[in-house]
Amino acid sequence: MVEYNEPMLKQIFQFRSDEFESKYAKQIEYELSKRGIRKKQDKLFNILEKYKEYNDSELIKVFNDFENAYFEEINYWIEKYYQLGFCDAMKLKKEVEESSEEIENGKSIR
């Protein structure tokens, strides 16, 4: 497994993801609508509204807890993939530099 400085990468990820979200907010909304995700969300909320009167606070709390847990899990994996991509990029950079040095020294590529 590739080792990395998790706190540093976590800070970089947080900064870059905030920047990405603000830059692409309109495009993301368009993609969610285009793929029908917004319709599915609306359908779910409409169903919840129907049953809301029966046990309003419990139903909404369960749904909100589920939604928060789901997004935490997604964010966890996105962050891990970001860190892995960062490590892969650093490894690739090192390999390219080593290959360049070998070529400059007259050695063949592995």
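The structure we're discussing is the one just above.
Notes on the structure in this doc start here. (Residues numbered from 1 in each chain as written. Predicted model: local features only at pLDDT ≥ 70, side-chain atom pairs only at ≥ 80, totals over all residues. Heavy atoms only, no water.)

**Quick look at the packing of aromatic side chains**
- Scanning the entire structure with this criterion turns up six aromatic pairs.
- An angle of 40° between the planes, with centres 4.7 Å apart, marks the rings of phenylalanine 20 and tyrosine 24 as tilted.
- You can call phenylalanine 20 partly exposed: its relative accessible area is 46%.
- What makes tyrosine 24 partly exposed here is its relative accessible area of 28%.
- For the ring pair tyrosine 70 and phenylalanine 71, a centre distance of 5.8 Å and an interplane angle of 65° mean the geometry is edge-to-face.
- With a relative accessible area of 44%, tyrosine 70 lands in the partly exposed category.
- Taken together, the ring pairs in this structure connect Phe66, Tyr70 and Phe71 into an aromatic cluster. (Phe/Tyr/Trp six-rings, centres within 6.5 Å; stacked < 30°, edge-to-face > 60°. Buried < 20%, exposed > 50% of the residue type's maximum accessible area, 1.4 Å probe, protein only.)

**Description of a negative patch on the surface**
- Together, Glu95, Glu98, Glu101 and Glu104 make up a region of like negative charge exposed at the surface.
- Assignment of secondary structure puts glutamate 95 in helix H4 (residues 56–104). (Patch = residues over 30% accessible without salt bridge, like charges linked within 9 Å, V, L, I, M, F, W, Y side chains within 5 Å. Areas by Shrake-Rupley, 256 points an atom, 1.4 Å probe, with all protein chains shown as cover. Salt bridge = Lys/Arg side-chain N within 4 Å of Asp/Glu carboxyl O. Lys, Arg positive; Asp, Glu negative; His and termini not counted. Charge placed at Lys NZ, Arg CZ, Asp CG, Glu CD. Helix = DSSP H or I, 4+ residues; strand = E, 2+ residues; numbered from the N terminus.)

**Some points on the layout of surface pockets**
- Computed from the structure, the largest pocket encloses a volume of approximately 860 Å³.
- For the largest pocket, the lining is made up of 28 residues, of which Ile28, Leu32, Phe71, Ile74 and Ile78 are closest to its centre.
- Every element with two or more residues in the lining of the largest pocket is listed here: helix H1 (6–23), helix H2 (25–34), helix H3 (37–52) and H4.
- Its residues assigned to classes, the lining of the largest pocket comprises 16 nonpolar, four polar and eight charged. (1 Å grid on protein atoms, 1.4 Å probe; cavity = no way out; pocket = protein on both sides within 12 Å on 5 of 7 lines; lining within 4 Å. Points joined across faces, edges and corners; volume = space filled by probe spheres on them. Nonpolar A, V, L, I, M, F, W, Y, C, P; charged D, E, K, R; others polar.)

**Section: H1**
- Its 18 residues give H1 an end-to-end C-alpha distance of 25 Å, which sits within 8% of 26 Å, the value for a rise of 1.5 Å per residue.
- Three or more residues of H1 are buried, namely Leu9, Phe13 and Ser17. Along the axis of H1, the buried residues cluster in a sector spanning 65°; they form a single face. For H1, the exposed residues lying more than 90 degrees away from the buried face are Pro7, Gln11, Phe15, Ser22 and Lys23. (Expected span 1.5 Å × (residues − 1). Arc of directions from axis to C-beta.)

**What to know about the pattern of salt bridges**
- Per the stated rule, a full pass over the model turns up seven salt bridges.
- Here glutamate 19 and arginine 16 are joined by a salt bridge, their closest N and O atoms 2.7 Å apart. Highlighted residues: glutamate 19 and arginine 16, both in helix H1, separated by three residues, approximately one helical turn.
- For glutamate 19, a relative accessible area of 35% corresponds to the partly exposed category.
- By relative accessible area, arginine 16 is classed as partly exposed at 44%.
- Within the structure, one salt-bridge network assembled from shared partners comprises Glu31, Lys34 and Arg35.

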